[in-house]
Amino acid sequence: MPTTDKSGKSNVSFTDQEALQFHQQGRPGKLEITPTKPMATQRDLSLAYSPGVAVPVRAIAEDPTRAFDYTTRGNLVAVITNGTAILGLGNLGALASKPVMEGKAVLFKRFADVDSIDLEIDTQDVDAFVNSVRYLGPSFGGINLEDIKAPDCFIIEQRLRELMDIPVFHDDQHGTAIIAAAGLINAVHLTGRSMSEVKVVCNGAGAAGIACIELVKAMGVPHENVVLCDTKGVIYKGRAEGMNQWKSAHAVETEARSLYDALKGADVFLGVSAKGALTEDMLKAMAPNPIIFAMANPDPEITPEEAHQVREDAIVATGRSDYPNQVNNVLGFPYIFRGALDVQATTINDAMKVACAEALAQLAREEVPDEVAAAYRGKRPKFGPEYIIPVPFDPRLISVIPPAVAQAAMDSGVARRPIVDMDAYRHQLSARRDPVAGTLQRIFSKVRQQPKRVVFAEGEEEPVIRAAASFVAQGLGEAILIGREDEVRATAAAAGIDIDRSGISVHNARLSTRNADYADFLYGRMQRRGYLQRDCQRLVNNDRNYWGAIMVARGDADAMVTGLTRNYSVALDTVRNCIDTKPGHRVIGVSLALCRGRTVLVADTAVIDMPTSEELADIAEEAAHVARRLGYEPRVALLAYSTFGHPRSERSEKVIEAVKILDRRRVDFEYDGEMGADVALNPDKMAAYPFCRLTGPANVLVMPAFHSASIATKMLQELGGSTVIGPLLVGLDKPVQILPIGAKDSDIVNMAAIAAYNVT
């Protein structure tokens, strides 16, 4: 079914059962708590709890600001609701809102590395809610209110802001307003207007609508230039019906009584109302170069296509991710809290909101470098009518928005701990980006631009079928399941998966019209390796990896993913019998290890057992090429247990020779060796060797042998808390990726996307 969120996304599909399984698999829910200090010994426990914990307790009692130094308070936000306005679902209660609040907490962590915990308060009484939250101040650095109905949300936020000395922010109000304001700044600039002269009409007088007009007024739009409308028409001075104190504050002297009347000659339409609220006649009545923010969820007041049929001169923004200029709250709240927390702000004021909007607007005007272009689905955006707002996956956001917010907090006097070195702060923020999500997002975005036909070789397995359905639903391309159709359908039906959706097909080797052709192709490759025609026919009939690999080799599919039920080496041998090595390359395995904000590529983790010096040099070149394909500038360390000659051994001699070979080849990336892993990754230890050619910690590690690479990455994954993707198979003439046995459906989708992206 189509799904939507607060950003208006509606271009991703999945079944109810898939959504339930996502939230249920592994540990139920989307969050866990992980200690940040060692807890292995009795001494660790004594320091963490009694008696060691008494020391910071006394320090905080003497000086409460030290809680930010000795506890999680300075990086902890509570996401709080009573469930009275859940997404577009209405008042379903506090408990039903918990999945949404967990999701909000995950977004805080994903985009801004802010720790967050959800709290669902089971009361619809405003006084009880306020009293429940006000006493939680010592626990948190900030409060994010969410999904609370109007007008209760106005009262609750205002009272809590007065009662608490930490930021209280109702994102449903201010988030939309801030992102819309950023787009409005740029739209006004593009149309040659100024904030002091534009005439604005806002349709929708709920939390978001009122927040929008309050913020545009704070940015310089005169009060008399803003008309607010609700379901009963224009909110004018003297109106009595359907009014409250928040609407009354924005009533104006006007003869207009309907939305159509208000829009005559207006420059800007802000819509936070309902589908179809802005008609073609209304749009025709607006001023030249109208600015339209149609932000209704999930369907806008008017679509960009509809608007441009009537007014080619219109600039249009919506809440939808499938249109340009998406007004998405995730552009704001994570980074606003990041900046507020980092200066220990006592509140989030208008100056900080305006600073966020202005920083977003400025970011959209900047030239987009290659690294950022990868986040825009392969199309480099350029400032103009269809690009007035950055997209949520722009990796520059975390180093641009929080500093602007922090500076505004300092300038407006609400920062308790000002930042002295803002440049250093920006660098620190860049290191907090989530490398897993960033890398995969670039890959997924590129594949969506150029969807591929991907073979899922083990098509009768439930995780594979789930992955194929997800691959198609995410717009990554066509999924080709290899298997017996009746078995595939039975497994899919039992799992509640619809394989009849467009983009999924099932291929049975025995029934295919390509059977004889594929057998001849394989026989042509294998006849001088002791295989008879009937041997090749049997392999084509019975082995799905052979069939899938030949499909790719013959151009009947673009890429392949396999390995769920077979050992890596067995699957690799099959694939290499069907697909050649890419000219000028070497087949290797490269794993991505991602841990605490760092991404390191490790090679070779899958193919060459005991590489020679020449092979080590080839591995270094191949891995550096993969790093560049993934958006990283390679710094390659050739590892050994020795470092720059001490102690020397036969294995280290091979690594030393490999470095000399790279010298002779005059490669175009940084490299050095031999060195220990600690020297390669730790800048302080690297500093002991001032002659080292690397300008910073290595991000590509070339291991002296396959077994050490495999052991190291698996230990990192199981013991070090790292995420390891791969091994990625590179160097083949056609893209194939091999999974670890027992991979989850999400892992299969990731590897299928990587295969479609083709990292070689």
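Draft legend 1. Representation of the sheet that holds strand β1 (residues 76-81) within the structure. If you walk across this open sheet you meet the four strands as β2-β1-β3-β4, and the pairing is parallel. The sheet is open, and its two edges are formed by β2 (115-120) and β4 (168-170), each paired on a single side. Averaged over neighbouring strand pairs, the angle between their axes works out to 25° when direction is ignored. Summarising the sheet, strand β3 (residues 142-145) and β4 pair through three bridges and their orientation is parallel. In the sheet register, Leu145 faces β4, and the bridge partner there is His170. Strands in contact with helix α8 (residues 171-190) are β3 and β4; relative to β4, the strand with the most contacts, it is inclined by about 75°.

Draft legend 2. Highlighting the environment of Ala606. Mapped onto the elements, Ala606 comes out in the loop between β16 (598-603) and α26 (613-629). With a relative accessible area of 10%, Ala606 lands in the buried category. Once the C-alpha coordinates of Ala606 and His646 are considered, the two residues, 40 residues apart in sequence, prove to be 28 Å apart.

Draft legend 3. Examining the packing of aromatic side chains more closely. Across all of its chains, the model carries ten aromatic pairs by this definition. Measuring from ring centre to ring centre gives 5.1 Å for Phe154 and Trp246, while their planes differ by 25°; the resulting arrangement is stacked. Here the residue Phe154 occupies a position in helix α7 (residues 152-163), and Trp246 occupies one in helix α10 (residues 245-248), the gap between them amounting to 92 residues. No difference in accessibility class separates Phe154 from Trp246, as the two residues are buried. Here the aromatic rings of Phe669 and Tyr671 are separated by 6.0 Å at their centres, their planes lie at 70°, and the arrangement is edge-to-face.

Draft legend 4. Expanded view of the pairing of strand β6 (residues 226-230). Within β6, five of the five residues are buried, leaving the element largely enclosed by the surrounding structure. Burial along β6 is two-sided: Val226, Leu228 and Asp230 facing one way and Val227 and Cys229 facing the other are all buried. Across four bridges, the pairing between strand β5 (residues 200-203) and β6 is parallel. By the bridge assignment, Asn203 is partnered in β6 with Cys229. Chirality of the crossover, the property in question, places the unit of β5, helix α9 (residues 207-218) and β6 among those that are right-handed.

Draft legend 5. Layout of the side chain of Thr123. Secondary-structure assignment places Thr123 in the loop between β2 and α6 (126-134). Engagement of the side chain of Thr123 in a polar contact is seen with the backbone nitrogen of Asp125, the distance being 3.1 Å. For Thr123, the residues in contact, after removing those within four places along its chain, are Asn82, Ala128 and Phe129.

Cut-off values and rules
- Residues numbered from 1 in each chain as written.
- Predicted model: local features only at pLDDT ≥ 70, side-chain atom pairs only at ≥ 80, totals over all residues.
- Heavy atoms only, no water.
- Pairing = 2+ DSSP bridges.
- Helix = DSSP H or I, 4+ residues; strand = E, 2+ residues; numbered from the N terminus.
- Axes fitted to C-alpha atoms, helices over the stretch in contact; angles between N-to-C directions.
- Contact = heavy atoms within 4.5 Å.
- Buried < 20%, exposed > 50% of the residue type's maximum accessible area, 1.4 Å probe, protein only.
- Phe/Tyr/Trp six-rings, centres within 6.5 Å; stacked < 30°, edge-to-face > 60°.
- Right-handed = clockwise from strand over helix to strand, strands pointing away.
- Polar contact = N/O pair within 3.5 Å; in protein donor to acceptor, adjacent residues only side chain to side chain.

As far as function goes, none of this settles anything; it's purely spatial.
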